[in-house]
Amino acid sequence: MLPVARAVNHRTGTNWEGVGITPDVPVSADRALEEARALATEAAAARVSDPGRREELLARTPRFAIVGTRSPSAYGEAQARRFARVLAEAGAVIVSGLARGIDQAAHAGALDAGGATIAVLASGVDRPWPDGETPRRVAADGLFLTEFAPGVTPRRHHFPQRN
């Protein structure tokens, strides 16, 4: 089954059919990536920003959320990292939840490209979970975003709230 490209910005209702894809039409992963790259490149060229300021990450667009299973196949993990890298190279901000698997692959891909990434946490900003290389890289070069107070540890019921 081919991935489904969603060409509608669900927040604004904007339909991006002008880039050659229509909502919910199956397309190849390469074509979906090509179209997303074109959107990200166009938006990045249209704005002026200082990518070194973490606070600005919240205002930067476009943002692409990449989320998925905590136990992906090697292929799935590689593709998540590839999509994130290419989109970040084009100027997009990658947003994910920092969970092992697809989420961490997305953050790593953005950081590999020297791009921007935001990790949405289910804990306090000082208690990212899980521990590891990718969370340390996001802490150094990205942004942690959470609605929980500092010191709050991750708990099972926090994850659905975060999502």
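Cut-offs applied
- Residues numbered from 1 in each chain as written.
- Predicted model: local features only at pLDDT ≥ 70, side-chain atom pairs only at ≥ 80, totals over all residues.
- Heavy atoms only, no water.
- Axes fitted to C-alpha atoms, helices over the stretch in contact; angles between N-to-C directions.
- Helix = DSSP H or I, 4+ residues; strand = E, 2+ residues; numbered from the N terminus.
- Left-handed = near helix turned anticlockwise from the far one by under 90°.
- Contact = heavy atoms within 4.5 Å.
- Buried < 20%, exposed > 50% of the residue type's maximum accessible area, 1.4 Å probe, protein only.
- Polar contact = N/O pair within 3.5 Å; in protein donor to acceptor, adjacent residues only side chain to side chain.
- Pairing = 2+ DSSP bridges.
- Right-handed = clockwise from strand over helix to strand, strands pointing away.
- Salt bridge = Lys/Arg side-chain N within 4 Å of Asp/Glu carboxyl O.
- pLDDT = per-residue confidence, 0-100.

(A) Geometry of the packing of helix α3 (residues 74–89) against helix α4 (residues 102–112). At their nearest, the axes of α3 and α4 sit 7 Å apart, and the two run at 35° to each other. In terms of crossing hand, the pair formed by α3 and α4 is right-handed. Within the contact between the two elements, α3 uses G76, E77, A80, R81, A84, R85 and A88 and α4 uses I102, A105, A106, A108, G109, A110 and D112.

(B) Just the environment of H107, in detail. Note on placement: H107 falls in helix α4. On the basis of relative accessible area, H107 is assigned to the buried category, the value being 0%. Taking C-alpha positions, H107 is 7.2 Å from A84, a pair spaced 23 residues apart along the chain. Apart from the residues lying within four places of it in its own chain, the contact partners of H107 are S96, G97, L98, T117, I118, A119, T134 and V138. Of the polar contacts made by the side chain of H107, one reaches the backbone nitrogen of L98; its length is 3.4 Å.

(C) How the structure looks around the pairing of strand β5 (residues 116–120). Among the five residues in β5, four count as buried, and that is most of the element. Examined bridge by bridge, β5 and strand β6 (residues 143–145) share three bridges and lie parallel to one another. Within the sheet, the bridge partner assigned to V120 lies in β6 and is L145. In terms of handedness, the path from β5 via helix α5 (residues 133–141) over to β6 forms a crossover that is right-handed.

(D) Expanded view of the pairing of strand β4 (residues 93–96). Alternating residues of β4 divide into V93 and V95 and I94 and S96, and every residue in both groups is buried. Relative to β4, strand β3 (residues 63–65) is paired through three bridges, and the arrangement is parallel. Each residue of the ladder has a partner; that of R63, found in β4, is V93. Viewed along the sheet, the connection from β3 through α3 into β4 turns out right-handed. In terms of strand pairing, β4 meets β5 through four bridges, oriented parallel. By the bridge assignment, I94 is partnered in β5 with T117.

(E) Structural context of the pattern of salt bridges. The tally for this structure, following the rule as stated, stands at four salt bridges. With its nearest N and O atoms 2.8 Å apart, the salt bridge here joins R81 to D112. Residue R81 is found in helix α3, and its partner D112 is found in helix α4; the two are separated by 31 residues along the sequence. The exposure class assigned to R81 is partly exposed, which follows from its relative accessible area of 35%. Between D131 and R136 there is a salt bridge whose closest N-O contact spans 3.2 Å. Each of R81, D112 and R137 takes part in one network of salt bridges that share partners.

(F) Representation of the confidence of the model for the protein in the model. Here the protein averages 75 in pLDDT, while 66% of its residues score no lower than 70. Here strand β1 (residues 4–5) stands out as the least confident element of the protein, with mean pLDDT 38; α4 is the most confident, with 95. With pLDDT under 50 throughout, residues 1–23 is counted as low confidence; its partners more than four residues away or in other chains account for 41 contacts. Across residues 43–51, confidence stays below pLDDT 50; counting only partners more than four residues off in sequence or on other chains, it has 13 contacts.

(G) Main features of α4. For α4, a buried count of 10 out of 11 residues is recorded, marking the element as mostly surrounded by other parts of the structure. Those residues of α4 that sit buried are I102, D103, Q104, A105, A106, H107, A108, G109, A110 and L111. G114, located one to two residues past α4, shows a positive phi value of around 75°.

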